[in-house]
Amino acid sequence: MLYLFPLERALARLNEGWVRHVAHPDDEQLRDGLIQRFEFTYELSHKALKRFLEENAASPEEYDRMGFPDLIRSANEAGLLKSSWAEWSVFRKMRNLTSHTYNEASAKQVVAIIPTFSEEVGFLLAMLKDRAP
């Protein structure tokens, strides 16, 4: 059975961070915390999505061999995602950006996609809950 509480909690924390960031957009420490919340929400959404697809597949091992773009395409075909690979590739790019470099411009790029990402993860979470046994 798919355990969704960690993803649900991560999304709530991301949204809380966003509200605080909007109220204090010049607070760099707050922004840095928001970026960390984006990172762990991204990781949890990816893991939950993969687990769900594996649990509902005739051949779960096919998802172990599948690259991230194909995983997202499969999830999209299954109606689990609001957006396509084009949007998820941006989320992935931003996640990779946070783990390899840190500078002001990168931080602003990551923060800019958070509302769209949050909406996407909210949709994914609703779909997973709806389809969970």
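Under an unreviewed UniProt entry, the name given to the protein chain is Nucleotidyltransferase, and the source organism is Gluconacetobacter aggeris.

Engineer: I'd like a description of the packing of aromatic side chains, backed by residues and values.
Structural biologist: The description of an aromatic ring pair uses the distance of the two centres, along with the angle that the planes make with each other. Enumeration according to the criterion identifies nine aromatic pairs in this entry. Geometrically, the ring pair formed by Trp88 and Phe91 is edge-to-face, given 5.3 Å between the ring centres and 80° between the ring planes. Here Phe91 and Trp88 lie together in helix α5 (residues 85-100), a separation of three residues that amounts to about one turn. Look at Trp88 and you get buried, because its relative accessible area is 0%. Following the ring pairs from residue to residue traces out a cluster consisting of Phe38, Tyr42, Phe68, Trp85, Trp88, Phe91 and Phe117.

Engineer: How would you sum up the side chain of Thr41? Please name residues and give values.
Structural biologist: One can find Thr41 in helix α2 (residues 28-55). For Thr41, a relative accessible area of 0% corresponds to the buried category. From its side chain, Thr41 meets the backbone oxygen of Arg37 in a polar contact 2.7 Å long.

Engineer: Describe the nonpolar core, naming the residues involved and giving the relevant values.
Structural biologist: In terms of nonpolar packing, the biggest core is built from 36 residues, with Phe38, Leu49, Leu80, Trp88, Phe117 and Leu128 touching the most fellow members. For this core, the secondary-structure elements that each account for two or more residues are α1 (5-23), α2, α4 (68-77), α5 and α6 (104-131). Broken down by element, the residue count for this core peaks at 11 residues, all from α6. Beyond its immediate sequence surroundings of up to four residues, Phe117 is in contact with Leu14, Phe38, Thr41, Tyr42, Ser45, Trp88 and Phe91.

The rules behind each value
Residues numbered from 1 in each chain as written. Predicted model: local features only at pLDDT ≥ 70, side-chain atom pairs only at ≥ 80, totals over all residues. Heavy atoms only, no water. Phe/Tyr/Trp six-rings, centres within 6.5 Å; stacked < 30°, edge-to-face > 60°. Helix = DSSP H or I, 4+ residues; strand = E, 2+ residues; numbered from the N terminus. Buried < 20%, exposed > 50% of the residue type's maximum accessible area, 1.4 Å probe, protein only. Polar contact = N/O pair within 3.5 Å; in protein donor to acceptor, adjacent residues only side chain to side chain. Core = buried A, V, L, I, M, F, W, Y, C linked by side-chain atoms within 4.5 Å. Contact = heavy atoms within 4.5 Å.

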